[in-house]
Amino acid sequence: MALRQIRIQGDSVLEKVCRPVEKISPRIATLIEDMIDTMYENNGVGLAAPQVGVLRRIAVIDVGEGPIVLVNPVVLETSGEQTGEEGCLSLPGKSGQVTRPNYAKVRAFDAEMNEFEIEGEELLARALLHEIDHLDGHMYTELVEGPLHDVTYDEEEE
């Protein structure tokens, strides 16, 4: 397992539509493990493959309940509305107000290509939709209401 370099907004890879994954090859399995490690190392809630320079339909998310691996995710249903702060590992130190659905239902495959559905509200719905947007070449900055602002994080004392 290795940490991958996160691509920053302005990198053309972040504007491209990703290709579906046909099977979990050893290379794809390693990518998924690396993405989870990279997300945690950077204190992220989610990470999509194009953010590490790979144009495949893979995203990982953890909203505090353990990692969720999404391979070839498809949004089945959304409802409601929430407005809140959103940031992105591909635009470090910035965030902005974004309105998204409050509920999302997604069909995807896990790291063993087992199909499943996941439903989420609030932060999980936001994370699911944010990461799936990345797979279609979109960043949250396209949805920001008003200006982006700087975010500072307190360093954790060890």
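Analysis parameters
- Residues numbered from 1 in each chain as written.
- Predicted model: local features only at pLDDT ≥ 70, side-chain atom pairs only at ≥ 80, totals over all residues.
- Heavy atoms only, no water.
- Helix = DSSP H or I, 4+ residues; strand = E, 2+ residues; numbered from the N terminus.
- Rg over C-alpha atoms; globule rule 2.2 N^0.38 Å.
- Buried < 20%, exposed > 50% of the residue type's maximum accessible area, 1.4 Å probe, protein only.
- Contact = heavy atoms within 4.5 Å.
- Areas by Shrake-Rupley, 256 points an atom, 1.4 Å probe, with all protein chains shown as cover.
- Pairing = 2+ DSSP bridges.
- Axes fitted to C-alpha atoms, helices over the stretch in contact; angles between N-to-C directions.
- Core = buried A, V, L, I, M, F, W, Y, C linked by side-chain atoms within 4.5 Å.
- Salt bridge = Lys/Arg side-chain N within 4 Å of Asp/Glu carboxyl O.
- Expected span 1.5 Å × (residues − 1).

**Side note on the overall build of the protein chain**
Okay, so step 1: Within the protein chain one finds 2 helices and 8 strands.
Okay, so step 2: When the helices and strands of the protein chain are placed in sequence order, the string is α-β-β-β-β-β-β-β-α-β.
Okay, so step 3: For the protein chain, whose C-alpha radius of gyration is 15 Å, the value lies close to the compact-globule estimate of 15 Å for 158 residues.
Okay, so step 4: Seen along its three principal axes, the alpha-carbon backbone of the protein chain occupies a region of about 40 × 40 × 35 Å.
Okay, so step 5: Counting only residues that meet the buried cut, the protein chain has 42% of its 158 residues in that class.
Okay, so step 6: Intrachain contacts of the protein chain at a sequence separation of at least 6 include 66% that bridge at least 24 residues.
Okay, so step 7: By element, 46% of the accessible surface of the protein chain is carried by carbon and sulfur atoms, the whole surface being about 8600 Å².

**Remarks on the sheet that holds strand β1 (residues 46-48)**
Okay, so step 1: With antiparallel pairing, 5 strands are arranged side by side in an open sheet as β1-β2-β3-β6-β7. The sheet terminates laterally at β1 and β7 (115-121), the two strands that pair on one side only. In this sheet, adjacent strand axes meet at a mean angle of 35° when their direction is disregarded.
Okay, so step 2: Judged from the 3 bridges that link them, β1 and strand β2 (residues 58-61) form a sheet pairing that is antiparallel. Across the sheet, L47 pairs through a bridge with V60, a residue of β2.
Okay, so step 3: Helix α1 (residues 26-41) contacts β1, β2 and β3 (68-79) of the sheet and is inclined by roughly 35° relative to β2.
Okay, so step 4: Against the sheet, helix α2 (residues 123-135) makes contact with β1, β2, β3, β6 (103-109) and β7, and its axis sits at roughly 125° relative to β7, the strand it touches most.

**With respect to the nonpolar core**
Okay, so step 1: In this structure, I61, I68, L70, I118, L124 and L128 are the most contacted members of the largest nonpolar core, which totals 17 residues.
Okay, so step 2: The greatest single-element share of this core, amounting to 7 residues, is contributed by α2.
Okay, so step 3: Setting aside anything within four residues of it in sequence, one finds I61 in contact with M39, V45, G46, G66, P67, I68, L70, L124, A127, L128 and E131.
Okay, so step 4: If you look at the next biggest cluster of nonpolar residues, it comprises 16 residues, including I6, V21, I32 and A49.

**A word on the sheet that holds strand β8 (residues 145-150)**
Okay, so step 1: Spatially, the 3 strands line up as an open sheet ordered β4-β5-β8, and their pairing is antiparallel. At either end of the open sheet lies a strand with only one pairing partner, and these are β4 (82-87) and β8. Each strand of the sheet is rotated relative to its neighbour by a mean of 30°, with strand direction disregarded.
Okay, so step 2: By the bridge criterion, 3 bridges tie strand β5 (residues 94-100) to β8 in an arrangement that is antiparallel. Within β8, the position partnered with Q97 by the bridge is E145.

**Description of the pattern of salt bridges**
Okay, so step 1: In the structure shown here, the tally under the stated rule is 10 salt bridges.
Okay, so step 2: Where R7 meets D11, a salt bridge forms, and the shortest distance between an N and an O atom there is 3.0 Å.
Okay, so step 3: One salt bridge connects E86 with R100, and the closest N-O pair in it is separated by 2.9 Å. A residue pair is termed long-range when its members are at least 10 positions apart, and E86 in strand β4 and R100 in strand β5 qualify at 14 residues.
Okay, so step 4: A relative accessible area of 4% places E86 in the buried class.
Okay, so step 5: Judged by its relative accessible area of 6%, R100 falls in the buried class.
Okay, so step 6: The network of salt bridges with common partners includes E86, R100, R126 and D133.

**What about α1?**
Okay, so step 1: Between its first and last C-alpha, α1 extends 22 Å over 16 residues, near the 22 Å set by a 1.5 Å rise per residue.
Okay, so step 2: Within α1 the residues assigned to the buried category are I28, L31, I32, D34, M35, I36, T38 and M39.
Okay, so step 3: Residues of α1 that are buried in the fold lie against β1, β2 and β3.
Okay, so step 4: One or two positions beyond α1, positive phi appears at N43, with a value near 55°.

Nothing here speaks to function; it is geometry throughout.
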